[in-house]
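Architecture and fold: a report
Residues per chain are reported as follows:
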Amino acid sequence: MNEEDRSRVWVKICGITNEDDALLATALDADALGFVFAPSKRQVDTETVRDILRRLPREVHTVGVFKNEKPERIMEIVGRTGLHGVQLHGREPRSEVEWLHERVQFLIQAFAAGDAALADAGRSPADVILVDSPAPGSGKVFDWRLAEGAPSGIRLVIAGGLTAENVGDSIRLVRPWGVDVSTGVEEKPGKKDATRLRLFVAAAREAGAEIADRPTDPTRDDVGGVDRPWDWQLDE
């Protein structure tokens, strides 16, 4: 992994529902794609995701998004589709998070902005902590300063209302490890807009490079910098 890969902000495009959007996001240099299995306008089925993943480059990380689903069912879907990782968006008990973490390549656990539970996120076995709007998928922006309630020493990803116009500001303020977008790059629910998607990734890359060139602010250790590489590995 070169220095550019180590410093850049991780970009995940969520709410992928079709092959064209998956290939577009991949071509535009997204690091990861998210597929929603929880109830949503963007909900997908196992067979659709399996067929999409067969067309993607192996280095693109693919994530299944679940909410209060049985762990055994999650693993069944992961096995049938070939997903690399799992994102939990509910109130899953720690025992289930630990069980899943032992069985998937990487695990993302989401918290709502302002949730008191975020303060204990450092104890989560998850590889990544995501802070989202209290209404995920709504496209509504939350006060990014609420993400600063996350503990130190975690990979922090912010989501919720991000667009090409504001993602740079969010990165400069919060200095997250990564960003996650769905509604902000859509033409309509479940269908991505090529221009919005291109501009979003470019803006995130530009802001990430800008803060990577700045000296670390010792007063902002609690928001997780972008100078730590993601170190999970795909199977050889």
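The structure under discussion appears in the preceding block.
Given the structure is predicted, the values throughout are model-derived calculations rather than measurements. (Residues numbered from 1 in each chain as written. Predicted model: local features only at pLDDT ≥ 70, side-chain atom pairs only at ≥ 80, totals over all residues. Heavy atoms only, no water.)

1. A short note on the pattern of salt bridges
- Enumeration according to the criterion identifies 18 salt bridges in this entry.
- Salt-bridge contacts for Arg205 lead to Asp31; the nearest nitrogen and oxygen are separated by 3.1 Å. Placement of the pair is Arg205 in helix α7 (residues 194-212) and Asp31 in the loop between α2 (19-27) and β2 (32-36), with a sequence separation of 174 residues. Pair check on accessibility: Arg205 and Asp31 agree, each one buried.
- A salt bridge links Asp51 to Arg54; the nearest nitrogen and oxygen atoms lie 3.8 Å apart. (Salt bridge = Lys/Arg side-chain N within 4 Å of Asp/Glu carboxyl O. Helix = DSSP H or I, 4+ residues; strand = E, 2+ residues; numbered from the N terminus. Buried < 20%, exposed > 50% of the residue type's maximum accessible area, 1.4 Å probe, protein only.)

2. Some thoughts on the packing of aromatic side chains
- All told, the structure shown has 2 aromatic pairs when counted by the stated rule.
- Residues Phe37 and Phe66 carry aromatic rings whose centres are separated by 5.2 Å and whose planes lie at 5° to one another, so their mutual orientation is stacked. Of this pair, Phe37 sits in the loop between β2 and α3 (46-53) while Phe66 sits in strand β3 (residues 61-66), and the two are 29 residues apart along the sequence. Pair check on accessibility: Phe37 and Phe66 agree, each one buried.
- Positioned over the ring face of Trp177 is Arg155, at 5.9 Å from the centre of the ring. (Phe/Tyr/Trp six-rings, centres within 6.5 Å; stacked < 30°, edge-to-face > 60°. Lys NZ or Arg CZ within 6 Å of the ring centre and 35° of its normal.)

3. Quick word on helix α4 (residues 71-81)
- The set of residues buried in α4 consists of Pro71, Ile74, Met75, Ile77, Val78 and Thr81. For α4, the arc enclosing every buried residue in end-on projection is 160°, short of the 170-degree limit, so these residues lie on one face. Counted as exposed and oriented over 90 degrees from the buried face of α4: Glu72 and Gly79. (Arc of directions from axis to C-beta.)

4. A closer look at the packing of helix α6 (residues 167-174) against α7
- At their nearest, the axes of α6 and α7 sit 8 Å apart, and the two run at 25° to each other. Looking at the two axes, α6 sits roughly parallel to α7. As for how α6 packs across α7, the hand of that crossing is right-handed. Of the residues in α7, those in contact with Val167, Gly168, Ile171 and Arg172 of α6 are Phe200, Ala203, Ala204, Ala207, Gly208, Glu210 and Ile211.
- Of the residues belonging to the contact of α6 with α7, the class tally is 7 nonpolar, 2 polar and 2 charged. (Axes fitted to C-alpha atoms, helices over the stretch in contact; angles between N-to-C directions. Parallel < 35°, antiparallel > 145°, perpendicular 65-115°, else oblique. Left-handed = near helix turned anticlockwise from the far one by under 90°. Contact = heavy atoms within 4.5 Å. Nonpolar A, V, L, I, M, F, W, Y, C, P; charged D, E, K, R; others polar.)

5. Digging into the side chain of Asp21
- Position of Asp21 relative to the elements: it lies in helix α2.
- Look at Asp21 and you get buried, because its relative accessible area is 2%.
- A polar atom in the side chain of Asp21 sits 3.4 Å from the side chain of Lys191.
- Once residues within four sequence positions are removed from consideration, Asp21 is found in contact with Ile16, Gly190, Lys191 and Lys192. (Polar contact = N/O pair within 3.5 Å; in protein donor to acceptor, adjacent residues only side chain to side chain.)

6. A word on the nonpolar core
- The biggest cluster of nonpolar side chains holds 53 residues, and the ones touching the most others in it are Ile13, Leu33, Phe35, Val179 and Phe200.
- The element that contributes the greatest number of residues to this core is α7, accounting for 7 residues.
- For Ile13, the contacting residues outside a window of four places in its chain are Ala25, Ala30, Ala32, Leu33, Gly34, Val181, Val185, Lys192 and Leu197.
- Core analysis: the second largest hydrophobic core is formed by 11 residues, Trp10, Val63, Ala159 and Trp177 among them. (Core = buried A, V, L, I, M, F, W, Y, C linked by side-chain atoms within 4.5 Å.)

Without other data, these values stay purely geometric and don't point to any function.
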